[in-house]
Amino acid sequence: MADLVSGLSHQWTSISATFGKARKTQRNALSDEEVVFLPPGSRLQGRLVGEIGSHLVIDNAIVDGTVPIKEEICFFTSAHWTETTPTPVTMEELADNVWSFGEVGKPAACHTFHFAENSRIGGYKNVNEGFWRLENGELQILNESGRLTWRFGPLIQDGAAARLVGFYAPNPLMELYFELRRQPSIAGPEAPTRPIVAVEGKPEDDSVKLVIWDLDETFWLGTLAEGTITAVPAHLEFVRTLTARGIVNGICSKNDFAAAEAMLRRLGIWEFFIFPRIAFAPKGSMVADIIDSAQLRAPSVLFLDDNPMNLEEARHYNPGIQTADPAAIPQLLTDSRLRGKPDPRYERLAHYKILEQKRLKREESTGGNLEFLRQSDVRISFHHDLMSEFPRLHDLVNRTNQLNFTKRRWSENETEARAQLSGELEENFNSHAGYVKVADKYGDYGICGFYLVGEDIAQHFLFSCRSLNMGIEQFVWHKVGRPFVPVSGEVVSTFGPKPDWISVVENATAAPVDVGAVPRRRLCVRSACDLLMMTHYLRTGFETIEEFTFPYQGWGIHPAARAVAVAPDLQHGEGAGLLARIPGMPPKRFDSAILSGEADVYVLSFVSEIFSTMHRSRSTGLILPFACGAFGSRSFAEVSYEDMVKAGVSVGMTSEQWCFMQEEFEALKPFDKALLAADVSRIFEMLHQKTVIVLMLNSKIGNDSWLLNRFAEINDLVRTVAQAFGCHIVEMNDFVCDAADLAEPDGNGAHFARSIYMRLAERVAKLAARDKGSCASRMLY
């Protein structure tokens, strides 16, 4: 890399995540240096002093217009930067070209698309990328709900090619970086897009899932129309053997349908075939129809026919299909492509028989596909005993493709794969996973899907082709909270509105019940983030309203009881005027389903009472909860404006605004029991016609005695009030019995093992489902 001649005339652009390091003297040892995170697309200017190892040594380094580290010399990893001159992307540049979208350094994750003038993304359908906009030269991608999902830096020119590097906007520190690549050979919004290909199995997999048989001189000897045929016992046994391996059989024959069916029934083999296409019609199109009906791809199919022209026609209309002459049949039983997977009960054949029946009914339906789905009684159930059904989940993860959105695979070794799943679950505390069973009036499809979501990002999101065109993937996506799904490769579905023809039942594979007779209940869970994992398991059985802790401009927004109790006083008069002057207040900060009464069941935990400090307004006398790491339980007057800015609190807050906060509010003593008792009572009064489930706090197991003692105090206070109002009470110490029940064996006692949250969700679900009266009319649980 050539030295800079002088000054800041040259600049680099980061092509992946990197860290800048600073030191006044040049040394090879950089491990102890101060570092700063730099996302892809960052612009670096400075004077190149030299290179040490794999680092550029830059003097007077400026990144994105600011000095990243207060030192004279900065070090940047050479491999993370390119010597190109980025330029701001323009509306014309975006609209006049066709682009592809993919992870940095990897093949494109989708086919080409374009930026339409109506702010929509055209030629590509994904709920994560629906709209686009330009702001200050930055390209921003928004999902279908208008939430910002991707931010892309300036245009990087690289000869005839050009790209924009971006990162996942909700979590810029997460190492998830994608780039838009301009396609130089195609231009204009009318450019053709590559068709979506249905793929079942790994792309390199040539295993056969369906064998299509010709009849005359192939399955049997002779010609049926001429009146004499001779059965081949080995072929009859071959069909049965394939079926026991989970490989299904079809028929494509130029014959009279009734005569062929009668002969096959006479041979006792008719019921072993699916989607028979027996007609005097071109075989290429009939084979294509069988493959489409079976919801497979051509490379997963073997076509057997004695006529070379028929084989060639099948290959022409079905690119990638495997073909063979009947002479090859004796060797096929030992061919690795047809080893299949043991299926002694013919379950795969049964599933295809259901699919065959449904296709016939759909074709008979006069109301279209939606009407057919609505009358099909589609049922789904969610389950979480992952390890007990692991062999099926293992098969789904490693074999599905056409409805596998993320395409993350596990080891083929089952023991190693189980360890991988355990690691993925533990990667994020709030991760949740489950599998889904599917059934409808035509039959039981068994386990058809699997998902694993961590920090609102799907690590796995996949479904069997058995559920194709039923809307299962869209329904599950909505039920698990509409997470971000990083789509890898091509899929034959996208996300959209929640299907209205699917019902959630306790167990889809059990005998159907009249789900319409039991209306789904709306459940509000209000707590700190400790109960988020429990709520994951409740979403699938209830319509949930979730009121949890969240950060906002440096403040911690906690669902404290005081926030509900004071809310009515902030809606008008002096209270509304006070609220308007407080910086860092998110929209609807004091809204709650408790106030609106929109839920049927309320699940309340008062763990947030240990996080918020109460401050009294000197001008109105109102008491408001505030939480911020910059001041803890101290008064605002004890914290300087500079300290608040340094802590990143209330971006854009002026010194005058902070001066107002210091003069307006005084901090009250920590944990005012009388105030908490009054606030809790007010909440229960608001909910006197509702089902209320109060969760006590763990006060016995953990290594933080102060925390456990405070939890015990909160329990004593809340339990007394809850009993007076006749609320359901669930004791956490009935679930948390020893250190093994904590998220970490040496944990403080606030977070628990996944199994605890699942059991807790089961208890809450039973209480919520059975009780439809007011809390004042019940006995305690």
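Each remark here, short or long, concerns the structure printed above.
Because the structure is predicted, anything quoted here is derived from the model rather than measured. (Residues numbered from 1 in each chain as written. Predicted model: local features only at pLDDT ≥ 70, side-chain atom pairs only at ≥ 80, totals over all residues. Heavy atoms only, no water.)

J.: Help me understand the pairing of strand β24 (residues 378–383), please; the structure alone is not making it clear to me.
T.: In the case of a regular strand, side chains alternate between the two sheet surfaces. Summarising burial for β24: six of the six residues are buried, a large majority. Sheet topology places β24 next to strand β28 (residues 502–504); three bridges connect them, and they run parallel. Looking at β28, one finds that Arg379 is bridged to Ser503. Two strands pair when backbone bridges link them, and β24 and strand β25 (residues 432–440) are joined in this way by five bridges, in the antiparallel orientation. Pairing of Ser381 across the sheet is with Lys437, part of β25. (Buried < 20%, exposed > 50% of the residue type's maximum accessible area, 1.4 Å probe, protein only. Helix = DSSP H or I, 4+ residues; strand = E, 2+ residues; numbered from the N terminus. Pairing = 2+ DSSP bridges.)

J.: Help me understand the packing of aromatic side chains, please; the structure alone is not making it clear to me.
T.: Given two aromatic rings, one states the distance between the centres and the angle between the planes to describe the pair. Throughout the structure, instances matching the rule amount to 25 aromatic pairs. Measuring from centroid to centroid gives 6.4 Å for Phe382 and Tyr451, while their planes differ by 65°, and the two rings are edge-to-face. Of this pair, Phe382 sits in strand β24 while Tyr451 is found in strand β26 (residues 443–454), placing the two residues 69 residues apart along the sequence. The pair formed by Phe382 and Tyr451 is uniform in burial state, with each residue classed as buried. Note that Arg581 overlies the ring of Phe660, its terminal NZ or CZ placed 4.0 Å from the centroid. For Arg589, the ring lying beneath its charged end belongs to Phe590, and the centroid distance is 4.8 Å. (Phe/Tyr/Trp six-rings, centres within 6.5 Å; stacked < 30°, edge-to-face > 60°. Lys NZ or Arg CZ within 6 Å of the ring centre and 35° of its normal.)

J.: Explain the packing of helix α18 (residues 673–686) against helix α19 (residues 705–724) to me, please; I cannot follow it from the model alone.
T.: For any two helices packed against each other, the geometry is given by the interaxial angle and the distance between the axes. The geometry of α18 relative to α19 is characterised by a closest axis approach of 10 Å and an angle of 40° between their N-to-C directions. For the pair α18 and α19, the sense of crossing is right-handed. Along its contact with α18, which presents Lys673, Leu676, Ala677, Val680, Ser681 and Phe684, the element α19 presents Glu713, Leu717, Val718, Val721 and Ala722. Considering only residue class, the contact of α18 with α19 consists of eight nonpolar, one polar and two charged. (Axes fitted to C-alpha atoms, helices over the stretch in contact; angles between N-to-C directions. Left-handed = near helix turned anticlockwise from the far one by under 90°. Contact = heavy atoms within 4.5 Å. Nonpolar A, V, L, I, M, F, W, Y, C, P; charged D, E, K, R; others polar.)

J.: Looking at this structure, how should I read empty space enclosed by the protein?
T.: Gaps left between atoms show up when a probe the size of a water molecule is rolled over them. Considering all chains together, one arrives at six cavities of 30 Å³ or more under this definition. A volume near 130 Å³ is recorded for the largest cavity. Along the walls of the largest cavity sit 13 residues, with Glu609, Met614, Phe671, Asp672 and Leu675 positioned nearest its centre. Classifying every residue of the lining of the largest cavity gives six nonpolar, two polar and five charged. (1 Å grid on protein atoms, 1.4 Å probe; cavity = no way out; pocket = protein on both sides within 12 Å on 5 of 7 lines; lining within 4 Å. Points joined across faces, edges and corners; volume = space filled by probe spheres on them.)

J.: Which parts of the structure should I look at to understand unusual backbone geometry?
T.: Backbone phi values are negative for most residues with the exception of glycine, while trans is the configuration of most peptide bonds. Non-glycine residue Asp377 carries a positive phi angle of around 55°. By secondary structure assignment, the location of Asp377 is in the loop between α8 (368–374) and β24. For Phe671, which is not a glycine, the phi torsion comes out positive at approximately 55°. With respect to the helices and strands, the residue Phe671 is situated in the loop between β36 (665–667) and α18. By relative accessible area, which is 16% here, Phe671 ends up buried.

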